[in-house]
Amino acid sequence: RVLHKPQFERMLSKLPRDTLFLVQETRDFFIENPYHPSLRNHPLDPPLEKYRTISVEGDLRILCRMIDRDTVLFLKIGTHEEIYEEYKIIDEKDGA
């Protein structure tokens, strides 16, 4: 089961139609096979290890978090840089 945060829904609504179609295809594929290599599903490094990203196409990623074994929450969609922006902010606060 895939849930969406309101922020994710707002980001979806701003995507071009062809990109939106790719996101929907990726979501459906993720539901069928969440660890298929083409999705590049992986956890982020500490301190954000509770979050994961999956690849849509090219530089487009979905930031998500596993709620339980059968439920994932899609949080954000964007480029690699946009997704990892939160990680960079946390790194800067830690002095890294």
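Residues numbered from 1 in each chain as written. Predicted model: local features only at pLDDT ≥ 70, side-chain atom pairs only at ≥ 80, totals over all residues. Heavy atoms only, no water.

Visitor: Help me get a handle on the side chain of Arg61, residues and values and all.
Guide: Relative to the helices and strands, Arg61 resides in strand 4 (residues 60-68). One polar contact links the side chain of Arg61 to the main-chain carbonyl oxygen of Gly58, over a distance of 3.1 Å. When residues no more than four places from it in sequence are discounted, the contact partners of Arg61 are Arg40, Ile54, Ser55, Lys76, Ile77, Gly78, His80 and Ile83. (Helix = DSSP H or I, 4+ residues; strand = E, 2+ residues; numbered from the N terminus. Polar contact = N/O pair within 3.5 Å; in protein donor to acceptor, adjacent residues only side chain to side chain. Contact = heavy atoms within 4.5 Å.)

Visitor: Lay out helix 2 (residues 17-32) with the relevant residues and their values.
Guide: With 16 residues, helix 2 ought to run about 22 Å at 1.5 Å a step, and its terminal C-alpha atoms sit 23 Å apart, in line with that. Within helix 2 the residues assigned to the buried category are Thr19, Val23, Thr26 and Phe30. The buried side chains of helix 2 occupy one side of the element, clustering within an arc of 65 degrees when seen end-on. Turned more than 90 degrees away from the buried face of helix 2, the exposed residues are Arg17, Asp18 and Glu32. Turning to helix 2, the residues buried within the fold contact strand 1 (2-4), helix 1 (6-13), strand 3 (51-57), strand 4 and strand 5 (71-79). (Expected span 1.5 Å × (residues − 1). Buried < 20%, exposed > 50% of the residue type's maximum accessible area, 1.4 Å probe, protein only. Arc of directions from axis to C-beta.)

Visitor: Which residues make up the pairing of strand 3, and what are the values?
Guide: Most of strand 3 sits inside the fold, with six of its seven residues counted as buried. Judged from the two bridges that link them, strand 2 (residues 42-43) and strand 3 form a sheet pairing that is antiparallel. Note on strand 3: the bridge partner recorded for His42 is Thr53. Looking at chain direction, strand 3 and strand 4 are connected through six bridges and run antiparallel. By the bridge assignment, Ser55 is partnered in strand 4 with Arg61. (Pairing = 2+ DSSP bridges.)

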